[in-house]
Amino acid sequence: MANASGSNVGGSSGEGREESSLAEGSSTGRIPKVKVLDTVVDTFLQKLVSAGSYERFAKCYKRFYKLQPEMTRLIYDQFITQLQTSIREEIATIKEEGNLEAVLNSLDKILEEAEDRKEPAWRPSGIPEDDVRSTLIPYFLQQQSSLKQLVQEQEKENVKLAEMVLEGRKQVLELQQQIQARKQAWQALSKNQRELAAVLKDPE
């Protein structure tokens, strides 16, 4: 039974080491969530071993313990070792299948980025209408500002197009005037030629 008490002492010291490790981690900054999960698993296993102590195990198999105390101890040690190994393997499988390490690391990154933000984090007020309004109004205001900017840009573009149209009309009018002037000059020249031809044909 002395060996059994030694097992309990070992479990307590292991738990103390885990708590000390967490304390040291917390003094240097935020503890990674993966390490927190591993520490929780270790603590759970230590408490499980403590709850299923050798004394209780031997008490359940009292007759066998009296006949074979060393064998009883060996069976207990093998049972605890296999139980811890099985639980650790199951946790490792869950971490791998659920990609927990990447998820927890991503959570750590989100928390670090949140600490760098200067603006206060949003918290619900408890009144759904106010919460929806506080969320949607900034969005609508932003959209309104964007639309106003687009309208102003379009108005400027319309002014430029209107100026180009007026300039085009002015050029067309000038061309029409030039064509009319040349037409009149050609008509006058043609008239003079006819008169000159008539004079030459009949000088008297």
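From a predicted model like this one, the values you see are computed outputs, not experimental measurements.

Peer 1: I'm lost on the overall build of the protein chain in this one. Help?
Peer 2: Scanning the protein chain for helices and strands turns up seven helices and zero strands. Along the chain direction, N to C, the helices and strands of the protein chain fall in the order α-α-α-α-α-α-α. Taken across its 204 residues, the protein chain has 13% of its residues classed as buried. Across the protein chain, contacts joining residues at least 24 apart in sequence account for 64% of those joining residues at least 6 apart.

Peer 1: Honestly, the packing of helix H2 (residues 33–51) against helix H5 (residues 69–97) in this entry has me stumped. Any pointers?
Peer 2: Two numbers describe a pair of packed helices, the interaxial angle and the distance between the axes. Relative to each other, H2 and H5 sit at 155 degrees, their axes nearing to 11 Å. Between H2 and H5, the interaxial angle falls into the category roughly antiparallel. Where H2 crosses over H5, the two elements pack in a sense that is right-handed. In this structure, H2 contributes Val34, Leu37, Asp38, Val41, Asp42, Phe44, Leu45, Leu48 and Val49 to the contact, and H5 contributes Tyr76, Ile80, Leu83, Gln84, Ile87, Arg88, Ile91 and Lys95. Across the contact of H2 with H5, the residue classes tally to twelve nonpolar, one polar and four charged.

Peer 1: For this particular structure, what's the right way to read the environment of Leu83?
Peer 2: Within the secondary structure layout, Leu83 lies in helix H5. Relative accessible area serves as the criterion here: at 27%, Leu83 is assigned to the partly exposed category. Sequence separation between Leu83 and Leu48 is 35 residues; the distance between their C-alpha atoms is 9.7 Å.

Peer 1: When you look at H2 in this model, what are you seeing that I'm missing?
Peer 2: Because an α-helix packs 3.6 residues into every turn, residues spaced three or four apart end up facing the same way. Here H2 contains 19 residues, and its C-alpha end-to-end distance of 27 Å stays within 8% of the 27 Å for a straight helix at 1.5 Å per residue. Every buried residue belonging to H2 is among Val34, Thr39, Val41, Asp42, Leu45, Gln46 and Val49, and all of these are buried. Along the axis of H2, the buried residues cluster in a sector spanning 160 degrees; they form a single face.

Peer 1: Is there a simple way to explain the nonpolar core in this structure?
Peer 2: Soluble, globular proteins show a tendency: their nonpolar side chains are buried together. By size, the foremost hydrophobic cluster in this structure holds seven residues: Val49, Tyr54, Phe57, Ala58, Tyr65, Tyr76 and Ile80. Within the residue set of this core, elements represented by two or more residues are helix H3 (54–60) and H5. No other element matches the three residues that H3 contributes to this core.

Peer 1: Honestly, the packing of aromatic side chains in this entry has me stumped. Any pointers?
Peer 2: Two aromatic rings are characterised by how far apart their centres lie and by the angle between their planes. A complete count under the given rule lists six aromatic pairs for this structure. For the ring pair Tyr54 and Tyr65, a centre distance of 6.2 Å and an interplane angle of 75 degrees mean the geometry is edge-to-face. Here Tyr54 is found in helix H3, whereas its partner Tyr65 is found in helix H4 (residues 62–67), with eleven residues between them in sequence. Among the residues examined, Tyr54 registers a relative accessible area of 3% and is labelled buried. According to the relative accessible area criterion, Tyr65 is buried, its value standing at 18%. A cation over a ring is seen here: Arg73 above Tyr54, with NZ or CZ 4.5 Å from the ring centre.

Peer 1: Even after reading the chapter, I still don't get a positive patch on the surface, so can you show me in this structure?
Peer 2: The grouping of Lys59, Lys62, Arg63 and Lys66 at the surface amounts to a positive patch. One can find Lys66 in helix H4. Judged by relative accessible area, which is 64%, Lys66 ranks as exposed.

Peer 1: Would you explain the confidence of the model for the protein chain in this entry?
Peer 2: When pLDDT drops low, the exact placement of atoms in the prediction is not to be read closely. In the predicted model, the protein chain carries a mean pLDDT of 78, and 81% of its residues have values of at least 70. The secondary-structure element of the protein chain with the lowest mean pLDDT is helix H1 (residues 2–28), recorded at 43, while H5 shows the highest, at 88.

Thresholds, definitions, all that
- Residues numbered from 1 in each chain as written.
- Predicted model: local features only at pLDDT ≥ 70, side-chain atom pairs only at ≥ 80, totals over all residues.
- Heavy atoms only, no water.
- Helix = DSSP H or I, 4+ residues; strand = E, 2+ residues; numbered from the N terminus.
- Buried < 20%, exposed > 50% of the residue type's maximum accessible area, 1.4 Å probe, protein only.
- Contact = heavy atoms within 4.5 Å.
- Axes fitted to C-alpha atoms, helices over the stretch in contact; angles between N-to-C directions.
- Parallel < 35°, antiparallel > 145°, perpendicular 65-115°, else oblique.
- Left-handed = near helix turned anticlockwise from the far one by under 90°.
- Nonpolar A, V, L, I, M, F, W, Y, C, P; charged D, E, K, R; others polar.
- Expected span 1.5 Å × (residues − 1).
- Arc of directions from axis to C-beta.
- Core = buried A, V, L, I, M, F, W, Y, C linked by side-chain atoms within 4.5 Å.
- Phe/Tyr/Trp six-rings, centres within 6.5 Å; stacked < 30°, edge-to-face > 60°.
- Lys NZ or Arg CZ within 6 Å of the ring centre and 35° of its normal.
- Patch = residues over 30% accessible without salt bridge, like charges linked within 9 Å, V, L, I, M, F, W, Y side chains within 5 Å.
- Areas by Shrake-Rupley, 256 points an atom, 1.4 Å probe, with all protein chains shown as cover.
- Salt bridge = Lys/Arg side-chain N within 4 Å of Asp/Glu carboxyl O.
- Lys, Arg positive; Asp, Glu negative; His and termini not counted.
- Charge placed at Lys NZ, Arg CZ, Asp CG, Glu CD.
- pLDDT = per-residue confidence, 0-100.

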